[in-house]
Amino acid sequence: MRAIMAHDSQPLFEPPISTRDQLDSALRAAERCRRDVTAAYSTERIASALARAAADWLRPDEPLRCFAINEVARATGFHRDMVATGIDFIFSAVTANGLERLAQAEGEDDATGPGAVFYALAGNVPGQGVPAIARSLLTGSVAIVRDSERQPAITAAFRETLGRYEPALAAMVLPVAWSHRAGDRALESAVIEAAVRVELYGSDRTVADLAARYRADSSGVFELHGARVSAGLVAAGADVAKAARGFAVDVAMYEGRGCLTPHVILVEGDVARASALTDALGRELAACEARWPRARGSIEEERDRRRFIDDAEMSALAARSDRPDAEHCLIGPSGAWCVHQSSDPTIMLGPGLRCIRVAAVADRAAAIAALGAAKPLLAGVGVAGATGGDGTNASDDRGLSTALRTAGATLVCPAGRMQAPPVDWRPDARAVGTSRR
Amino acid sequence: MTNLESRVLDFIREPGGEAELNELALTVFAHQYEQVPVYRRFCQRRGIEPAGVVRWEDIPALPADAFKHGLDAADRPHVFLSSGTTAGPEQRSRHAVESLAAYEASALAHFRAMVLADEPGPLATLVLGPTTISHPRSSLGRMFSWCADLCSNGDTLVAFDSDGRTDVAAAVTWLGEKSRESAPVLILAVTSALTAVFEALRDRHGPCRLPADSRIVDTGGRKGSAHALSPNGVLKAAWRWLHVPAYLCVNEYGMTEMFSQFYDDALESRASGRLSPRAKVGPPWVRTRIVDPATMEPVAPGTVGLLRHFDLANWESVSALQTLDLGREVGIGFELRGRAAGAEARGCSALVTEILDAGADGGA
């Protein structure tokens, strides 16, 4: 990790634990604090500390926020302003209401176990450690968090902020660091042994590899969080231009790497309506490109992206003579973004990196059927609702929300808010049973 | 035979210089612009017309996947289909032409240059891959048949059936017989079939010492689902199990969408006394550029990017092809760094809850 120093060379926050000795010492301290917290702290007190620490991160002049923005932008290639927006999304979700819902959900599911939970987080989107920390602390657990090497800053920095309000809670957060590639078997083994639950996030291959690697060291419960797919839905009667504005943010944010990135947007109605959304989305993605220039992916990711663009363009060119409206393709200057209006409403992962497919569906039933077919991989559905012409308030249509959840969506939210899930959102929408060692 | 076909064939027989290639390339482009509607629309989308193009480098490169979208007229007599191993049978490329003359001339001329550069004379030939008889719609099958006919001393075994099964036992028996004779052997193989033969030798029969100057041409690599050795694995196994040295092992890279091929230059460079790192080299009527997949602009020398080919032998369809294969410039050719394949799913949160067997008596 790079130097975690302010300009005056004062440490901004304590760096992640990187040795076995540091871990042993931190675990002992964390366990002492955990006993104190469990005995004396109310849920409201813990939630209040978390909310106040989160509020600090919403202040533009907060040094830790500024540091994290720069560090994440450097490590991921995401535009700095995009990272800043992402940090606003992450920390504005850590509210008293959200934390109360989270505590309630965890309590109902009896997910809490005395001890530590280890989270190995993916590098695709920043700030995944924040809800993990909240969940652990609200349930009286120690959170051991390994951020991706691509996201090295936020967990340790947030711990520092939390310490301003409740040092005992901060002591229950243990950021750890090692290279997955180079590894540190002694430290890794100690972490896995200490954890009663292990949550692994990343690509399917990564989580499977890590689970295989950690299996021998643990008798705890493992949760593997691999690939998921999200989608958008423009309800009949929704304002298409407004929907496009929201979905453009959802598509561009984190360069489409998150499991809440929409890969397909379904448009209730005819092909002309899908075309209208395609055109509007193209305009909005062009505006996004001006605001947040696209970050490059790896050579393989860029190749997959090129495949999407080629396929979109070829489908459009080939379809032109017989069904001129069915396939339509818009590509930004220098291929900065691509909107493929397709006749295929199948929900599937695309390459991300600002490539999105739009498809018309005849009616609500067809939309629900298409989304339901993606179960159990379906994660979020962003909705441009119809009620009152307000395309950004999904709660206008509670029936739709219920139908989408029944279809498998774990998050239903307005267009433009897909990358800002509430703090109590979990990909599986439920807690996992207590580990009994 | 059309005038344009004659000119292409003349160039293949007696390749001209850069200026001649450029002039012919522009003529071919104008022809394709007129004859291939999808390609014309593709160019028009970019505001490019033949009259405005003066360098072959500026001819728009059509994605090779366009051949999956019905590029050709339906009633052409010669139709080749890709195997569909990469993207599934419903996503097969289709390449249809009136004449095979340019394909044959290109395939044989470059095969001679790269595989027969040392003029070994007639060869006993083992085919571990498709032929025109077993796979009439396979462009590779057509090429293997031509090459076998060109090289064979009359002793040819095809140990590959129409279902794609390799007759490993027959191949091993045949190789054993040839190892006791003096005539050098040519093996034309898809890499997966060759791998199966190596495994049979390893597991059951032991090594087999083929006569000097025997050579292996393999193609396909790890593309598709079949079990196949890596390029280095093929080189090691060829020496270990058949006693064929690495410089007589030539990996071919080709595609249904393109009538010319690329070969490792190991044999050719040794025959010509040139020492250079192993690279894939195309014929003089082909040009290859390596482009950045994000910008589609040429990359700096040595940088990995997407391979973009221009092939005069494709004069009837589209010559400028943008592939999704990765490569980087090496020596006088390029190193193949990965064939196009399906993308790995990415994301952060498909829940596949696993409760470990050991010690976990609770359930999710």
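Just so it is clear, the model here is predicted, and its values are computed rather than measured.

Procedures and definitions
- Residues numbered from 1 in each chain as written.
- Chains lettered and ligands numbered in written order.
- Predicted model: local features only at pLDDT ≥ 70, side-chain atom pairs only at ≥ 80, totals over all residues.
- Heavy atoms only, no water.
- Phe/Tyr/Trp six-rings, centres within 6.5 Å; stacked < 30°, edge-to-face > 60°.
- Helix = DSSP H or I, 4+ residues; strand = E, 2+ residues; numbered from the N terminus.
- Buried < 20%, exposed > 50% of the residue type's maximum accessible area, 1.4 Å probe, protein only.
- Lys NZ or Arg CZ within 6 Å of the ring centre and 35° of its normal.
- Salt bridge = Lys/Arg side-chain N within 4 Å of Asp/Glu carboxyl O.
- Axes fitted to C-alpha atoms, helices over the stretch in contact; angles between N-to-C directions.
- Parallel < 35°, antiparallel > 145°, perpendicular 65-115°, else oblique.
- Left-handed = near helix turned anticlockwise from the far one by under 90°.
- Contact = heavy atoms within 4.5 Å.
- Nonpolar A, V, L, I, M, F, W, Y, C, P; charged D, E, K, R; others polar.
- Pairing = 2+ DSSP bridges.
- Expected span 1.5 Å × (residues − 1).
- Arc of directions from axis to C-beta.

Enquirer: How would you sum up the packing of aromatic side chains? Please name residues and give values.
Expert: Both the distance between ring centres and the angle between the ring planes are used here to describe each pair of aromatic rings. Across all of its chains, the model carries 18 aromatic pairs over all chains by this definition. Ring geometry for A:Trp57 versus A:Phe91: centroids 4.7 Å apart, planes at 20°, classification stacked. Of this pair, A:Trp57 sits in helix 2 (residues 43-57) while A:Phe91 sits in helix 4 (residues 80-92), placing them 34 residues apart in sequence. The exposure class of A:Trp57 is buried, given its relative accessible area of 0%. Pairwise contacts between aromatic rings join B:Phe29, B:Tyr33, B:Tyr39 and B:Phe42 into one cluster. A cation over a ring is seen here: A:Arg45 above A:Tyr41, with NZ or CZ 3.7 Å from the ring centre.

Enquirer: Can you lay out the pattern of salt bridges for me, pointing to particular residues and giving the numbers?
Expert: Residue and element names in this part refer to chain A. Here the structure, examined in full by the defined rule, presents 46 salt bridges over all chains. For aspartate 304, the salt bridge goes to arginine 307, with nearest N and O atoms at 3.0 Å. Residue aspartate 304 and its partner arginine 307 are both found in helix 13 (residues 299-319); the two are separated by three residues, about one turn of the helix. A single burial state applies to aspartate 304 and to arginine 307, both of which are buried.

Enquirer: Could you give me a rundown of the packing of helix 2 of chain A against helix 7 (residues 154-165) of chain A, with the residues and numbers involved?
Expert: All names here are of chain A. Axis separation between helix 2 and helix 7 bottoms out at 8 Å; the angle between their running directions is 120°. By the angle class used here, helix 2 and helix 7 are oblique. Like other packed secondary-structure pairs, helix 2 and helix 7 cross with a definite hand, here right-handed. Residues Ala49, Leu50, Arg52, Ala53, Ala54, Asp56 and Trp57 of helix 2 form the contact with helix 7, whose participating residues are Ile154, Ala157, Phe158, Thr161, Leu162, Arg164 and Tyr165. Here the residues of the contact of helix 2 with helix 7 sort into 10 nonpolar, one polar and three charged.

Enquirer: Give me the packing of helix 13 of chain A against helix 3 (residues 37-45) of chain B: which residues, what numbers.
Expert: The geometry of helix 13 of chain A relative to helix 3 of chain B is characterised by a closest axis approach of 9 Å and an angle of 120° between their N-to-C directions. Judged by the angle between their axes, helix 13 of chain A and helix 3 of chain B are oblique. When you trace helix 13 of chain A past helix 3 of chain B, the crossing you get is right-handed. Across the interface between the two elements, A:Glu313, A:Met314, A:Leu317 and A:Ala318 from helix 13 of chain A touch B:Val38, B:Arg41, B:Phe42 and B:Arg45 from helix 3 of chain B. In terms of residue class, the contact of helix 13 of chain A with helix 3 of chain B is made up of five nonpolar, no polar and three charged.

Enquirer: Can you break down the pairing of strand 14 (residues 333-338) of chain B residue by residue, with the values?
Expert: All names here are of chain B. Of the pairings in the sheet, the one linking strand 13 (residues 320-330) to strand 14 comprises five bridges and is antiparallel in character. Residue pairing for strand 14: arginine 328 is matched across the bridge by glutamate 335. In sequence, strand 13 turns back onto strand 14 through a hairpin of two residues, with glycine 331 there showing a positive phi of about 50°.

Enquirer: Please set out the sheet that holds strand 7 (residues 262-268) of chain A residue by residue, giving values where relevant.
Expert: All names here are of chain A. Strand order in the open sheet made by the seven strands is 8-9-10-7-6-11-12, with mixed pairing throughout. Among the strands making up the open sheet, the edge pair consists of strand 8 (328-331) and strand 12 (411-414). Along the sheet, successive strands turn relative to each other by an average axial angle of 20°, direction set aside. When strand 6 (residues 229-234) meets strand 7, the two strands line up parallel, connected through five bridges. Directly across from valine 234, in strand 7, lies its bridge partner valine 267.

Enquirer: Give a detailed account of helix 1 (residues 20-40) of chain A, specifying residues and quantitative values.
Expert: Residues and elements named next belong to chain A. For helix 1, spanning 21 residues, the distance from its first C-alpha to its last is 30 Å, which sits close to the expected 30 Å at 1.5 Å a residue. Taken together, the buried positions of helix 1 are occupied by Leu23, Ala26, Ala30, Cys33, Arg34 and Val37. The arc that holds every buried residue of helix 1, seen down its axis, measures 115°, which confines them to one face. Residues of helix 1 that are exposed and point over 90 degrees away from its buried face: Asp21, Arg28 and Ala39. Along its buried surface, helix 1 packs onto helix 2, strand 2 (142-146), helix 8 (167-171), strand 3 (173-176) and helix 9 (185-194).

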